[in-house]
Amino acid sequence: MLAAVDVGTNTVRLLLGEVTGGRLTPVRYERSITRLGGGFQAEKGLAPESMERTLLALRGFVELLTKFNISSVRAVGTQALRQSVNGQGFVARVQAELDLPLQIIDGGEEARLSARGVAEGLFPKPERYLVFDIGGGSTEFVYCENNEILFSRSYPLGVVRLAESCHTLDEVRIEIERQLDCFTHDMSASGVSIDAKEYVLVGTAGTVTTLAAMDLEMVSYDWRKINNHRLERQKVHTLIELLLPLSPAEREQLPGMEKGRGDLIVPGLFIVSAIMRRLHQPRLAISDFGLLEGALLSLADVSNSN
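Overview of the structure. Please read these numbers as outputs of a predicted model, since none were measured by experiment.

1. Observations regarding the packing of helix H9 (residues 233–243) against helix H11 (residues 265–278)
Then, number 1: Running from N to C, H9 and H11 point in directions that differ by 155 degrees, and their axes come no closer than 10 Å. As summarised for this structure, H9 and H11 are arranged roughly antiparallel, according to the angle between their axes. Where H9 crosses over H11, the handedness of that crossing is left-handed. Facing H9, whose interface residues are Arg233, Val236, His237, Leu239, Ile240 and Leu243, H11 presents Ile265, Val266, Leu269, Phe270, Val272, Ser273, Met276 and Arg277.
Then, number 2: Here the contact of H9 with H11 is built from residues that sort into 10 nonpolar, 2 polar and 2 charged.

2. Here's the deal with the sheet that holds strand E6 (residues 128–134)
Then, number 1: As summarised here, the arrangement of the 6 strands in space is E8-E7-E6-E9-E11-E10, forming an open sheet in which the pairing is mixed. Unpaired on one side and paired on the other, strand E8 (148–155) and strand E10 (229–232) mark the two borders of the sheet. Each strand of the sheet is rotated relative to its neighbour by a mean of 25 degrees, with strand direction disregarded.
Then, number 2: Bridge count for E6 against strand E9 (residues 200–204) is 5 bridges, and the pairing is parallel. Residue pairing in the sheet places Phe132 in a bridge with Gly203 of E9.
Then, number 3: Sheet strands touched by helix H6 (residues 169–190): E6, strand E7 (139–145) and E8. Its angle to E8, the strand with the most contacts, is close to 150 degrees.

3. Details of helix H3 (residues 87–98)
Then, number 1: End to end, H3 covers 16 Å across 12 residues, agreeing with the expected 16 Å (1.5 Å per residue, within 8%).
Then, number 2: Considered for burial, the residues of H3 that qualify are Gly87, Phe90, Val91, Val94 and Leu98. The buried side chains of H3 occupy one side of the element, clustering within an arc of 105 degrees when seen end-on. Every exposed residue of H3 that faces more than 90 degrees away from the buried side is listed here: Gln88 and Ala96.
Then, number 3: On its buried face, H3 sits against helix H1 (48–67), helix H2 (79–82) and strand E5 (102–104).
Then, number 4: One or two residues past the end of H3 sits Asp99, with phi positive at roughly 55 degrees.

4. Brief notes about the sheet that holds strand E4 (residues 73–77)
Then, number 1: The 5 strands lie next to each other as E3-E2-E1-E4-E5, forming an open sheet whose pairing is mixed. Each of the sheet's edge strands pairs with one partner strand only, and the pair in question is strand E3 (23–33) and E5. This sheet shows a mean twist of 20 degrees between the axes of neighbouring strands, independent of strand direction.
Then, number 2: Direction of pairing for strand E2 (residues 11–20) relative to E3: antiparallel, over a ladder of 10 bridges. Bridge pairing links Thr11 to Ile33 in E3.

5. Description of the packing of H6 against H11
Then, number 1: Viewed as axis vectors pointing N to C, H6 and H11 meet at an angle of 40 degrees, and their least axial separation amounts to 10 Å. The angle between the axes of H6 and H11 places the two elements in the oblique class. Relative to H11, the crossing made by H6 is right-handed. Between H6, through Leu169, Val172, Arg173, Ile176, Glu177, Leu180, Asp181 and Thr184, and H11, the contact on the second element is made entirely by Val266, Pro267, Phe270, Ile271, Ala274, Ile275, Arg277 and Arg278.
Then, number 2: Split into classes, the residues belonging to the contact of H6 with H11 amount to 10 nonpolar, 1 polar and 5 charged.

What counts and what doesn't
Residues numbered from 1 in each chain as written. Predicted model: local features only at pLDDT ≥ 70, side-chain atom pairs only at ≥ 80, totals over all residues. Heavy atoms only, no water. Axes fitted to C-alpha atoms, helices over the stretch in contact; angles between N-to-C directions. Helix = DSSP H or I, 4+ residues; strand = E, 2+ residues; numbered from the N terminus. Parallel < 35°, antiparallel > 145°, perpendicular 65-115°, else oblique. Left-handed = near helix turned anticlockwise from the far one by under 90°. Contact = heavy atoms within 4.5 Å. Nonpolar A, V, L, I, M, F, W, Y, C, P; charged D, E, K, R; others polar. Pairing = 2+ DSSP bridges. Expected span 1.5 Å × (residues − 1). Buried < 20%, exposed > 50% of the residue type's maximum accessible area, 1.4 Å probe, protein only. Arc of directions from axis to C-beta.

Encoded structure:
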């Protein structure tokens, strides 16, 4: 059995799984919202309390790895660690205190792994699909045709970043549109045109899986029901109208809402709505699989080559 760990800006996650014949079978999944990017300052980097919360969660993951006698693990860190002056220092602490080999990956590798993981959860797998992965500190876009990545880019657009840097909803909207302007410009400059093509728009990571769980009024989270769920754009608008007047605590009382996401779900909804509107897509396919599953599959590649 193999393991993968994703140390994100908002959430840390652990996956234990088996890969047979190139197919992934999840065995156990754990996640904890630690908000590693919370309280981030450009000059100082990650806040001490955010690092301690994350270390505590990772310590619990390492105990599980020991319990299951798993020696083959790939642990990856993303935007919060990439942008922090003390990111490498945190990585060194994880290695020294937990003996966990955490690797900070760049945006391109994050996008590649996310696309591979997402594809593993889609059925039937579409010929053409555009994946967006909304994290706490960044959003990745990956466009694939016939299993080939034709466009891949990471943008500093994340729910924690928006929640902590924008003081009004207008500021949130302006920043989202600014980053989407960059995305559409980059797509055009790369020579990849999707305007006249039929493709599936796929969302992954905590924001969109939470939206799917709310749409399904899911009391107990089940990734099997999340994978391939279709979310209509009108439903996204309905959820915005429902959640906007509520406090974070009130939002977290609703079926499907993950604890600790009450203040982040509205910026996330605004990102999803803006992407669907910008791309003229009436519906969204949702994948529970993504970066974590892609990291585990990449680990299986290494294990099989040895």
